[in-house]
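Observations on the three-dimensional arrangement
Letter by letter, the chains look like this.
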Amino acid sequence: MLFSCIFHGIDYIKSTTQSMFHNKLHQLWLMLVLVSHGALSQDKNIVIYPGTGGESYFSELLQHVLSYNPDKNYQIQALGADIPKNRNFELLANNDGLHVVFSGSNLEREHLYRAVHFPILKGLQGWRIPLVKRNNQDLFKDVHTLDSFKKLIPGQFHTWSDTQVLEANGITVAKGTDFNGLFGMLSKGRFDYFPRSILEIDNDYLIHKHLNIAIEQNIIIHYPTAFYFFVNQDNKELATDLLIGLEAAHSDGSLTRLFMQFYGDQVNKVIDTKRRIIQLQNPLLPATTPLERSDLWIKLDN
């Protein structure tokens, strides 16, 4: 028994030491990435964005809209590391190797950072379909009023602004601290539904369909949202060039073509369905949001 305890103790120390070593190694690697990008960030022609690179709507759009300023010869480059969004914003605020962040707008972010007021997701982050337990697909079948809707409990990540939006509408929210864990919580009945944007829900379902979950078929939840490019508060030049490019790409139709290339299947799929709309308010959305420009948004209530 004594020797068994000793061996288990040695194994624990080894595993703990290895874990600490890997964490330190990751921190060192991340520090080197940020240092190298900090040096690059002094070059005004290089625009560094979050993530590790690869094709995405946001990187493709960023490259495209900056191409409308050919004299500046903008080049985009990924940060080279996947880090939490709050950390991305810290780097942006400190001019520490990051020039642009893609994110949803709220009052706090627009106070701290410079938003480029052009909704690059056409408001579709605010159109949400619930994931539910597989044996509970009729959960919203008889939900026709906001009062009856409020009786059901959604699950959300604890730091998301969407969590604040739901709570501002008088909805009790079950909060989790692990994104993937929320799908497991749903399958175990810890809350009633998990609202995901129409741009996310199909992929989320495919990844987690081994769990006891399904896509609900009766309703769609809507609250106004704006997803923008954000830059450092003092970086007016980049913000202006981004807006010039966005407006030009919007006018010549290339922005919509790019958007539909990445998201057309999801948009058309929802347009072809007949869902009741549960309309919520978004008190976190600043007054600067260009809601009056109907050409910038896709509406799914026609």
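Numbering of residues begins from 1 in every chain and follows the order in which that chain's sequence is written. Totals for whole chains, interfaces and linings use every residue, but because this is a predicted model, local features are given only for residues with pLDDT of at least 70 and side-chain atom pairs only at 80 or more, for both listing and counting. Side-chain numbers here rest on the full set of heavy atoms in the structure, without hydrogens or water.

With that out of the way, let us pick up the sheet that holds strand 11 (residues 227–231). Between any two strands, pairing holds if DSSP finds at least two bridges. Note on conventions: DSSP H or I runs of at least 4 residues are helices, E runs of at least 2 residues are strands, and numbering of each starts at the N terminus. What the three strands build is an open sheet, ordered 3-11-4; its pairing is antiparallel. Each having just a single partner strand, strand 3 (101–104) and strand 4 (114–116) make up the two edges of the open sheet. The sheet shows a mean angle of 45° between the axes of neighbouring strands, direction not considered. Two elements, strand 4 and strand 11, share three bridges in a ladder whose sense is antiparallel. Residue pairing for strand 11: Ala-115 is matched across the bridge by Phe-230. Residues are treated as being in contact if the distance between any of their heavy atoms lies within 4.5 Å. Angular values range over 0 to 180 degrees, each being the angle between N-to-C directions of two axes fitted as lines to C-alpha atoms, with helices fitted over their stretch in contact. Lying on the sheet, helix 2 (residues 57–66) is in contact with strand 3 and strand 11; it crosses strand 11 at an angle near 65°. Relative to the sheet, helix 3 (residues 85–93) contacts strand 3 and strand 11, its axis offset from that of strand 3 by approximately 125°.

So, about unusual backbone geometry. The backbone of Asn-95 sits at a positive phi, close to 55°, despite the residue not being glycine. Structurally, the position occupied by Asn-95 is in the loop between helix 3 and strand 3.

Looking now at the packing of aromatic side chains. Two aromatic rings from Phe, Tyr or Trp, using only the six-membered ring of Trp, form a pair when their centres are within 6.5 Å; if the ring planes differ by under 30 degrees the pair is stacked, by over 60 it is edge-to-face, and anything between is tilted. Inspection of the entire model under this criterion finds 22 aromatic pairs. Between the aromatic rings of Phe-89 and Phe-230, the centroid separation amounts to 5.8 Å while the plane-to-plane angle is 75°, which identifies the pairing as edge-to-face. Here Phe-89 is found in helix 3, whereas its partner Phe-230 is found in strand 11, with 141 residues between them in sequence. Partly exposed residues are those whose accessible area sits between 20% and 50% of the maximum for their type, while under 20% is buried and over 50% is exposed, using a 1.4 Å probe and protein chains only. Among the residues examined, Phe-89 registers a relative accessible area of 3% and is labelled buried. With centroids separated by 6.0 Å and ring planes inclined at 35°, the aromatic side chains of Phe-140 and Phe-149 adopt a geometry described as tilted. Assessed through its relative accessible area of 0%, Phe-149 is described here as buried. Put simply, the rings of Tyr-49, Tyr-57, Phe-58, Phe-102, Phe-227, Phe-229, Phe-259, Phe-262 and Tyr-263 pair up and form one aromatic cluster. Lying across the ring of Phe-259, Lys-122 places its NZ or CZ 5.8 Å from the centre. Working rule: Lys NZ or Arg CZ, within 6 Å of ring centre, within 35 degrees of ring normal, means a charge sits over the ring.

Next up on the list: the pattern of salt bridges. The term salt bridge refers to a side-chain nitrogen of Lys or Arg lying within 4 Å of a carboxyl oxygen of Asp or Glu. The final tally for this structure, using the stated rule, is 11 salt bridges. Between Lys-72 and Glu-237 there is a salt bridge; the shortest N-O distance is 2.8 Å. Separated by 165 residues along the polypeptide, Lys-72 in the loop between helix 2 and strand 2 (75–78) and Glu-237 in helix 9 (residues 236–252) bring together distant segments of the chain. Taking relative accessible area as the criterion, Lys-72 reaches 27% and is therefore assigned partly exposed. Judged by relative accessible area, Glu-237 falls into the partly exposed class, the value being 36%. Measuring nitrogen to oxygen at the nearest pair gives 2.9 Å for the salt bridge that ties Glu-167 to Lys-175.

What follows deals with the side chain of Asn-69. With respect to the helices and strands, Asn-69 occurs in the loop between helix 2 and strand 2. Judged by relative accessible area, which is 11%, Asn-69 ranks as buried.

On to helix 9, then. Helices are assigned an expected span. That span is 1.5 Å times one less than the residue count. Its 17 residues give helix 9 an end-to-end C-alpha distance of 24 Å, which sits within 8% of 24 Å, the value for a rise of 1.5 Å per residue. Here helix 9 has its buried residues at Leu-238, Ala-239, Asp-241, Leu-242, Gly-245, Leu-246, Ala-249 and His-250. Seen from one end, helix 9 has its buried residues packed into an arc of 165°, which puts them on one side. Every exposed residue of helix 9 that faces more than 90 degrees away from the buried side is listed here: Lys-236 and Ser-251. Buried-residue contacts for helix 9 involve strand 1 (46–49), helix 2, strand 4, strand 11 and helix 10 (254–271). Looking one or two places after helix 9, you find Gly-253, whose phi comes out positive at around 85°. The directions considered for the arc run from the helix axis to the C-beta atoms.

In this section: the nonpolar core. Residues Tyr-57, Phe-229 and Leu-242 are the most contacted members of the largest nonpolar core, which totals 68 residues. In terms of nonpolar packing, the next biggest core, distinct from the first, is built from 17 residues, Val-132, Val-143, Ile-219 and Leu-284 among them. As used here, the term nonpolar core means buried Ala, Val, Leu, Ile, Met, Phe, Trp, Tyr and Cys residues forming a set that is joined through side-chain atoms within 4.5 Å.

Moving on, we get to the confidence of the model for the chain. pLDDT runs from 0 to 100 and stands for how confident the predictor is about each residue. For the chain, the average pLDDT comes to 88, and 85% of its residues sit at 70 or higher. Low pLDDT (under 50) marks residues 1–29, which in the prediction has two contacts with non-local residues, meaning those over four places away or in another chain. Confidence drops under a pLDDT of 50 for residues 31–41, and excluding neighbours within four residues, the segment shows 20 contacts in the predicted structure.

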